[in-house]
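# Coordinate analysis (summary)
Letter by letter, the chains look like this.
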Amino acid sequence: MSLLVQKFGGTSLGSIERIKAVAQKIKSSKEKGNDLVIVVSAMGHTTDELTKLASEITIHPPHREMDMLLSTGEQISISLLSMALNEVGIQTMSLTGTQAGIITESAHGRARILEIRAERILNLLDQGKTLIIAGFQGTSLGIGGIPEITTLGRGGSDTSAVALAAALEAEKCEIYTDVPGVLTTDPRIVKNAQLMKTISCDEMLELASLGAAVLHPRAVEIARNFGVTLVVKSSWEENHDGTTLTSNKNLGVFKGGIEHRSPVDGLELIEHQAVIALSNIPDRPGIAADLFEALSEGGVNVDLIIQATHQINKNDITFTVNEEELENATIQCKELLNSIGGEISTKTDLTKISIYGAGIMGRPGIASSLFQTLSDSGINIRLIATSEVKVSCVIDAESGKKALRNVGEFFKLNDKQITLNPNIKNNHEPEVRGIALDKDQIQVSVKNVPDKPGTASTICSTLAEKNISLDTIVQSERKHGDKTKDISFTLKKNDRRDAKYALEELISNWKGSKLEEGNAIVRISAVGSGMPFTKGTAGKIFRALANQKINIEMIATSEIRTTCIISEKYGEKALNEIHSCFKLGSNDS
Ligand code: ASP
Ligand code: MG
């Protein structure tokens, strides 16, 4: 007999009829001989409605009281679903998070799950009971051991389900929802977007803006770390398999807690990196495509690519390669520069240090702490590359070990979470699995900032204090004659006013610095685990854009993601082009 954890979301439980329908579905899984642990969210929009009630009393409700309030939503669903199951002859017991032994940290409203004390669940399963457990909530041991109800953050019942599956070593965790699974891109814009049969947890995390509505990122991270087989599928379409998330990690249960106290999940250092910076090259569609096609034809595999600020009509493109590929890469670049003009400079003896984790999303303080820790250690950051769940900095090799030690200590990471020169296996995954379009960003550059340790961290922490996240931070390698450089980034449209205000105050301290907002842009990201093993992926993306005469304003990549910032007006066209260039659509061949 196998143990399944099944989670039903709010929409699937939106009415009494639906609760009865879910009960029928559970009954038929049970009759197939499975042991079942069912995790539920609050009915329909209950959590929003409860939040609204609180807001009619105060704009600053105490976090503890909010958790008392919001946790009631799930308590309604567990009891009603349990009754519905009893009516159809299934023996059940409903449990709150506390009763189920879900122990969390004490941060109300965003608690992370530390452990699950599963004895009671296991005993009840032994008695043949089907368990109905409230998602989104747990209990902290509180100060002095006094238990308190906590919630995990909006959308957190997915996280409860996957954590239970990890702790109980369930065969599978199935998330039933109102969409058929994860699609290759937004089907409202790209007509032939397809359901993905599988996606790796790492890819899913990088596709957050596409996938976060489908699955809570923290749930994906737990699945990745514990090797939980996680399936997302529609509650109502019987004959669809949905999307299966894959992971090749398995830390084993309970080593160091289900979720770490630190939002940073891991730290890695990759040595023997070289940077190639091309400057003063023409700023027109097709240049990046020519360059990265030439590199890939020449057999060079590039890692990070960064393109940011342009002077009038001129551009800089910076990228990193493995040291041993530098010579070959330089030859390819020089050949191209001969025909288009521009200068090249290279630098070896570099190291890339990266932190990653789903907890980085939406927490601007994390990137800024990384920069701060490096700058406190006297280490200059040469390049910065960010993605949804990862922040990487290129630094001088001689500082590598010191950086690893200090950053690891700052984020309280244990040895298992720190890797030196990780050896990632080529699982022959596709170079691009899915593409996300983010229309919610603006582009900002801070020009002529001092090129010394601490500048990036000051900018980030100034914004982090206002709870503003920077996305796609690019620090260009080029220095101006006066030893200053430029930092560009994108941020959420909503944060525009606060960000400008905060930055203007900051840069008034730096003589000659100025703030510039770019034209209206969108951010388009292609993600695939096969990317590090495939030459020329970036070149293909840039060519697809060049074919449509679309100019690329900024480029930022991480290992498995390539992001281009382009003018807003080309967003949907670009999405269609790139989607079809990798043959992701149902009828692309
Ligand atoms: N009910 C909670 C929310 O609406 C948790 C969840 O649905 O996952 O955010
Ligand atoms: Mg949800």
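Structure first, text after, so check above.
Report on the accompanying structure.

### Some thoughts on the overall build of the protein chain
- Secondary structure summary: the protein chain contains 16 helices and 27 strands in total.
- Here the protein chain has a C-alpha radius of gyration of 25 Å; the compact-globule value for 589 residues is 25 Å, and the two agree.
- Overall, the protein chain is about 80 × 55 × 45 Å in size when its C-alpha atoms are taken along their principal axes.
- When each of the 589 residues of the protein chain is scored for burial, the buried share is 59%.
- For the protein chain, contacts bridging at least 24 residues in sequence account for 78% of all contacts bridging at least 6.

### Quick look at helix 8 (residues 217-226)
- Extensive coverage of helix 8 is indicated by the burial of 10 of its 10 residues.
- At its buried positions, helix 8 is contacted by strand 5 (113-116), helix 5 (157-167), helix 6 (201-206), strand 11 (230-234), strand 12 (243-246) and strand 16 (343-356).

### Points about the packing of helix 1 (residues 16-31) against helix 3 (residues 63-87)
- The contact between helix 1 and helix 3 brings their axes to 9 Å, and the two run at 55 degrees. Here helix 1 lies oblique to helix 3, going by the angle between them. Judged by the twist between their axes, the crossing of helix 1 over helix 3 is right-handed. Contact residues: Ile-16, Ile-19, Val-22, Ala-23, Ile-26 and Lys-27 in helix 1; Leu-80, Leu-81, Ala-84 and Leu-85 in helix 3.
- In terms of residue class, the contact of helix 1 with helix 3 is made up of nine nonpolar, no polar and one charged.

### Things to note about helix 5
- Burial analysis of helix 5 places 11 of its 11 residues in the buried class, which makes it a mostly covered element.
- Among the residues of helix 5, those classed as buried are Ser-157, Asp-158, Thr-159, Ser-160, Ala-161, Val-162, Ala-163, Leu-164, Ala-165, Ala-166 and Ala-167.
- Two residues or fewer after helix 5 comes Glu-169, characterised by a positive phi angle close to 50 degrees.

### A few points about the packing of helix 5 against helix 8
- One way to put it is that helix 5 packs onto helix 8 with a least axis distance of 8 Å and a crossing angle of 15 degrees. One finds that helix 5 runs roughly parallel with respect to helix 8. Between helix 5 and helix 8 lies a crossing of left-handed hand. Mapping the contact onto sequence places Asp-158, Thr-159, Val-162, Ala-163 and Ala-166 in helix 5 and Arg-218, Ala-219, Ile-222, Ala-223 and Phe-226 in helix 8.
- For the contact of helix 5 with helix 8, the residue count by class is seven nonpolar, one polar and two charged.

### Digging into the pattern of salt bridges
- All told, the structure shown has 36 salt bridges when counted by the stated rule.
- In this structure, Arg-224 engages Asp-265 in a salt bridge whose closest nitrogen and oxygen atoms are separated by 2.5 Å. Taken together, the residues Arg-224 in helix 8 and Asp-265 in the loop between strand 12 and strand 13 (266-282) connect sequence positions 41 residues apart. Each of the two residues, Arg-224 as well as Asp-265, counts as buried.
- Notably, a salt bridge pairs Asp-451 with Lys-485, separated by 3.4 Å at the nearest N-O pair. Taken together, the residues Asp-451 in the loop between strand 21 (441-450) and helix 13 (455-465) and Lys-485 in strand 23 (residues 484-492) connect sequence positions 34 residues apart. You'll find Asp-451 and Lys-485 in the same group, each marked buried.

Quick notes on the rules
Residues numbered from 1 in each chain as written. Chains lettered and ligands numbered in written order. Predicted model: local features only at pLDDT ≥ 70, side-chain atom pairs only at ≥ 80, totals over all residues. Heavy atoms only, no water. Helix = DSSP H or I, 4+ residues; strand = E, 2+ residues; numbered from the N terminus. Rg over C-alpha atoms; globule rule 2.2 N^0.38 Å. Buried < 20%, exposed > 50% of the residue type's maximum accessible area, 1.4 Å probe, protein only. Contact = heavy atoms within 4.5 Å. Axes fitted to C-alpha atoms, helices over the stretch in contact; angles between N-to-C directions. Parallel < 35°, antiparallel > 145°, perpendicular 65-115°, else oblique. Left-handed = near helix turned anticlockwise from the far one by under 90°. Nonpolar A, V, L, I, M, F, W, Y, C, P; charged D, E, K, R; others polar. Salt bridge = Lys/Arg side-chain N within 4 Å of Asp/Glu carboxyl O.

That's the geometry; what it means functionally is another story.
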